[in-house]
Amino acid sequence: MDARRREVLKTGGGVLALAAAAGIIRPGVTLAQEWNKAAFETRSVAETVKALGGGGSTPSGAIEITAPDIAENGAVVPVAVESKLPRTQAIAILIEKNPNTLSAEFEIPAGTDPFVSTRVKMAETSNVYALVIADGKYFHALKEIKVTIGGCGG
Amino acid sequence: MADPMRIRASMTGDKVEVKVLMAHEMETGLRRDASGNAIPAHFIRNVTVTHGGKTVLSAQWGTSVSRNPFLHFRFKGGKAGEKVMITWLDNKGEKRTDEAVIVGGG
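Nothing here was measured: the structure is a model prediction, and the numbers come from that model. (Residues numbered from 1 in each chain as written. Chains lettered and ligands numbered in written order. Predicted model: local features only at pLDDT ≥ 70, side-chain atom pairs only at ≥ 80, totals over all residues.)

Asker: With reference to specific residues and values, describe the overall build of chain A.
Answerer: Each helix and strand counted, chain A has four helices and nine strands in total. Overall, chain A shows an N-to-C arrangement of helices and strands of α-α-α-α-β-β-β-β-β-β-β-β-β. (Helix = DSSP H or I, 4+ residues; strand = E, 2+ residues; numbered from the N terminus.)

Dropping the structure here:
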């Protein structure tokens, strides 16, 4: 009995490992209290997409970024992202020219609108990317925000 | 202990609109003090919002979320009088949980 149980557990673990390897389970995206250190240390949009488990991302007109064209104070830049892509699972905000690209990543469970609004710091004028994971695929939209006074350094 | 969050949760049609203001310095680790010493990073890494035991939003943040972070989102399935609970956890292991009662609205 015990031996069989162990066998089942072993098999179960194998399936999980396989799923993780295939990218079906992304630990950083599925476990709430984990923090994806590698993703937050990335220094380009491509690196961030990869660290979040994507092979690349496709531009999409179904993602809307609401943010000012010009931010006088780079320390407080309001950014809202709304996705109209079916089965949106996650929304991430990336700031191309910040010291680290990834600013925030939000997991959107079923029942929650594919919409988030927050405030971010920008070191200088930069493209801001909204990266959306929908139905397991990666999409993005971008908007340039001009910054008068940078908000990252000291 | 960090100051409490300011949370507003209100019904908008069949959805609960949640707006949160957290009290946190969100220090990047890149700044220096007057004597030239690096100010260590101190920032919120994880935010979890639950309603009736179900997670309605979870987030991972880096240092470039603004000081005293603001968050706004909407979810379905809540009613006036029920509670929304929000927890943040920062890179020093400090944690804060606050809750708000959903109020009726337009």
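Asker: Which residues make up the sheet that holds strand 2 (residues 63-66) of chain A, and what are the values?
Answerer: Within a beta sheet, neighbouring strands are joined by backbone hydrogen bonds and run either parallel or antiparallel to one another. Spatial ordering of the open sheet is given by 2(A)-4(A)-7(A)-5(B)-2(B)-1(B), a layout of six strands whose pairing is antiparallel. Where the open sheet ends on each side, the last strands, each with one partner, are strand 2 of chain A together with strand 1 (6-12) of chain B. Neighbour to neighbour, the strand axes of the sheet diverge by 15° on average, direction disregarded. In this sheet, strand 5 (residues 70-76) of chain B lies alongside strand 7 (residues 115-120) of chain A in antiparallel orientation, the contact comprising two bridges. What sits directly across from serine 117 of chain A, in strand 5 of chain B, is histidine 72 of chain B. (Pairing = 2+ DSSP bridges. Axes fitted to C-alpha atoms, helices over the stretch in contact; angles between N-to-C directions.)

Asker: Pulling in residues and values, what's your account of the interface of chain A and chain B?
Answerer: Note on interface size: it is often stated as the accessible area lost on association of the parts. Chain A puts 31 residues into the contact, and the matching count from chain B is 30 residues. Put simply, the parts of the chain that give the side of chain A that touches chain B at least two residues each are strand 6 (102-107) and strand 7 of chain A. Grouping the constituent residues of the side of chain A that touches chain B by class yields 15 nonpolar, 11 polar and five charged. When strand 6 of chain A meets strand 4 (residues 54-61) of chain B, the two strands line up antiparallel, connected through four bridges. Bridging from a neighbouring strand, glutamate 107 of chain A pairs with serine 58 of chain B of strand 4 of chain B. (Contact = placed C-beta atoms within 7 Å. Nonpolar A, V, L, I, M, F, W, Y, C, P; charged D, E, K, R; others polar.)

None of this, on its own, says anything about what the molecule does.
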